[in-house]
Amino acid sequence: MGNQSSPKKGRALKTSYEASTILRNYWETIHAAKKAGKPIGYCSGNAPVELMYAFDILPAYPENYAAVVASAKIALPLVQMAESKEFSHDLCSYAKINLGEVFWEGKGKPEMPFGGLPTPPDILLTTKIPCITQVKWWEVLRDVYHCPMILLDAPMLEGTVDNQPSEDQVDFVVDQLKLIIAQLEDFTHTKFNEEKFFHCLSLSDQAGGLWHDIIDLRGEAVPTPVGSREMCGNVFSLVAMLGTETPVKFYQKMKEELQYKTWKKIGAIPNEKYRLLYENIPLWYNLEMLSDVENKGAVFVFETYLRYVWGGRIDLTDPYRGYAKKILSDVFLNMNLQLRYDIMARDIKNYHIDGVVFHSNRSCKRYSLGYYELKEMLLERLGIPSVVIEADHSDPSGYSEGNTKMKLDAFIELLEERRNAGSRG
Amino acid sequence: MLVAGVDAGSNAAKIVLMEEDQILSHGVLKTGANSLGAVKDLLQHILEQQHKKMEDISDIVSTGYGRNYIPFATFQATEIFCHAKGVFRTMPQVRTIIDIGGQDSKVIYLDNNGRVADFVMNDKCAAGTGHFIESLAMALSVPLEEMGPLSVRAEQEITISSTCTVFAESEVVSYVAQGFPKSDIISGVHHALAGRVVSMARRREIRREICLTGGVAKNIGVVRWIEKELGGSMRIPEEPQLTGAIGAAMIALERAREQ
């Protein structure tokens, strides 16, 4: 219930202030490369971007850029433009934002952050690991830009909580990687630079490992040194610069700061009472939602999106198989419901979670499947309450602020009542 | 000890004045664009009726969509908790509350001690809310308060299949054009609302007894359809619209006693 002390302003971590510089530098670099005539490849999340670097192709990320656009609160006219071009209202809003820009006609186009995506792309690389929409979206881009498109196919993971794919599944992805290498050799008319590929894999391994260390550090620490809103900004470096040195340096520094804050028990908010888990992609146009709960003593300490879409180690002793395993193992969207539950149950324990907020995401139904089943399982088996909010990660048109705030406020009241009832014995 | 509970809802402001455990007075006022003004006027009116002044009130708690915009409230709580408290006060045997307000509908599941164990709410659209009935009453040119009594005279079942308020309006207009009696159409509207709310309630186990709160509980047509869908009767408070404000006043009383 109401009237708690307000949280302190500003970033919890000094290192977080570097994220905006990294973002700006990335965009300057990629636009400069395009001007200089270097090949640019549009890559989707979880695509094997290290292979692009091995062929001196610079990656740009339409999905990530759509999130940047949504954060700048200019997504709506682009979404509407895509819909006016007969793309379905039900299509992912990342795709609609990008396609709205690609097919924009007439006046009134919003000023695109960082000058927009460099166009045209020279090649397209995608994968069906997160979803099929990406493949269809990339096919539209291929038709628009008349450039080659490469697809990494991968099976859905049905593993255990240890999260290991089967040998057959790994074999399949290794074959796919080798096929992509042959396709890129054809495209660039150059021989594959395996040494460079392994170097990029090593950088990805370091950055991915550091990212997971960071997530563990802030999740295990009581009080947590940093909340979700800040970490959603900090993930950019990993999303757009995987395979380079930038995220390695950035996350090493962040890890050291977190280690210090954890040791000193310096919390993100003055009086941490309730520790929350956020499930699904955040509302990029309303990241404030993640920090608003802090007024009531609640803080998001863990997000499945930040952990099970991004980061992870690669076994470099067997690079192809190690990479295939990493690609298959760490994507929440590519797991069946039982595995998701098992992983969440483990994380709830490890990160001392009091409650879960599910974001039923209109744009990402594959991520949002089974929430009411998961909700029931968490309550019945672990006694962990949860709430489901309905929204979209990048399209603000269907978002109801009053409804969502009410659900979150009531959920914190529920946690408070449970806590009070427990303390009364 | 005098306290007040203010429920600043999307359609109406509701205020309850409590003296210790007894409800001293209450009032409901339709809110226009200026909901804060409506709340102020209503509180002033209630206080004058009781020959009391603002300074006599020990604590004021607000709830409802406008809960954060009542400057004289010392504390805010959501309707979910206020409804639970308001219902449990007089009906401690209730385990499931269905609240249908102007802008949303909620199902609140209580444990045996009257605490909120879980809740579900409608998503962002108007289907399943009081606004659904208001819009269709306008489309049919029937005063809102006559919707309930008219619908119980229905002689045949009409299905309104669209959950979208705008599409449902087209369906209603089409039935009117086909010459169906208004009572039959209104009954169909109530059935559609009841179906939507009950399917939401079934996301969790519905434990009895069940209580219906919110302004829509005054509509006998909706009540009957929900009872039919649930296969049993519901408890309805004497003033179903006031439940949230009563709960808010109870929280105010607890707070005032603690001070």
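Residues numbered from 1 in each chain as written. Chains lettered and ligands numbered in written order. Predicted model: local features only at pLDDT ≥ 70, side-chain atom pairs only at ≥ 80, totals over all residues.

**Q** Could you give me a rundown of the interface of chain A and chain B, with the residues and numbers involved?
**A** Taken together, the contact between chain A and chain B spans 18 residues of the former and 16 residues of the latter. The element best represented in the side of chain A that touches chain B is helix α18 (residues 401–423) of chain A, accounting for ten residues. When the residues that make up the side of chain A that touches chain B are grouped by side-chain class, the tally is seven nonpolar, six polar and five charged. (Contact = placed C-beta atoms within 7 Å. Helix = DSSP H or I, 4+ residues; strand = E, 2+ residues; numbered from the N terminus. Nonpolar A, V, L, I, M, F, W, Y, C, P; charged D, E, K, R; others polar.)

**Q** Let's hear about the nonpolar core: which residues, and what values?
**A** One finds A:Leu276, B:Ala4, B:Val6 and B:Ala249 to be the most contacted residues of the largest nonpolar core, which totals 204 residues. Examining the composition of this core, we find that nine residues originate from one element, helix α8 (residues 194–220) of chain A, more than from any other. If you count residues domain by domain, this core takes at least three from each of domain 1 (1–91 + 241–259) and domain 2 (93–236) of chain B. A:Leu276 has contacts with A:Val293, A:Ala298, A:Val299, A:Phe300, A:Val301, A:Ile353, A:Asp354, A:Gly355 and A:Val357, leaving out every residue within four places of it along the chain. (Core = buried A, V, L, I, M, F, W, Y, C linked by C-beta atoms within 7 Å. Buried ≥ 20, exposed ≤ 12 C-beta atoms within 10 Å, placed from the backbone. Domains from an automatic or database assignment.)

**Q** Let's hear about the pairing of strand β8 (residues 116–121) of chain B: which residues, and what values?
**A** Residue and element names in this part refer to chain B. In this sheet, β8 lies alongside strand β7 (residues 105–110) in antiparallel orientation, the contact comprising five bridges. Directly across from tyrosine 109, in β8, lies its bridge partner aspartate 118. Between β7 and β8, which follow one another and run antiparallel, lie five residues, and glycine 114 among them has a positive phi close to 80°. (Pairing = 2+ DSSP bridges.)

**Q** So what's going on with helix α1 (residues 19–35) of chain A? Which residues, and what values?
**A** Residue and element names in this part refer to chain A. With 17 residues, α1 extends 25 Å from end C-alpha to end C-alpha; this agrees with the ideal 24 Å at 1.5 Å per step. Regarding α1, the residues found buried are Ala19, Tyr26 and Ile30. Projected down its long axis, α1 shows its buried positions confined to an angular sector of 20°, all on one face. Exposed residues pointing more than 90 degrees away from the buried face of α1 are listed as Ser20, Thr21, Arg24, Asn25, Glu28, Ala32 and Lys35. Looking at the packing, one finds that the buried side of α1 touches β1 (40–43), β2 (58–60), α9 (228–234) and α10 (236–241). (Expected span 1.5 Å × (residues − 1). Arc of directions from axis to C-beta.)

**Q** Which residues make up the domain arrangement of chain B, and what values go with them?
**A** Residues and elements named next belong to chain B. The domain boundaries assigned to chain B delineate domain 1 (1–91 + 241–259) and domain 2 (93–236). Taking only C-alpha atoms, the centre of domain 1 and the centre of domain 2 are 26 Å apart. Across the contact, 15 residues belong to domain 1 and 19 residues belong to domain 2. With seven residues, the top contributor of residues to the side of domain 1 that touches domain 2 is helix α2 (residues 79–90). Here the side of domain 1 that touches domain 2 is composed, by residue class, of eight nonpolar, six polar and one charged.

**Q** Give a description of the packing of helix α3 (residues 62–71) of chain A against helix α5 (residues 93–102) of chain A that names residues and reports values.
**A** All names here are of chain A. At a closest axis distance of 9 Å, the pairing of α3 and α5 adopts a crossing angle of 85°. One way to sum up the angle between α3 and α5 is to call them roughly perpendicular. Judged by residue contacts, Pro62, Glu63, Ala66, Val69 and Ala70 of α3 engage Tyr94, Ile97 and Asn98 from α5. Residues of the contact of α3 with α5, tallied by class, amount to six nonpolar, one polar and one charged. (Axes fitted to C-alpha atoms, helices over the stretch in contact; angles between N-to-C directions. Parallel < 35°, antiparallel > 145°, perpendicular 65-115°, else oblique.)

**Q** Report on the sheet that holds strand β3 (residues 123–127) of chain A, specifying residues and quantitative values.
**A** Residues and elements named next belong to chain A. The sheet built from four strands is open, its strands ordered β2-β1-β3-β4 with parallel pairing. The outermost strands of the open sheet, each flanked by one partner alone, are β2 and β4 (149–152). Ignoring strand direction, the axes of neighbouring strands in this sheet form an average angle of 25°. Pairing of β1 with β3 involves three bridges; the strand directions are parallel. The residue bridging cysteine 43 from the neighbouring strand is leucine 125, located in β3.

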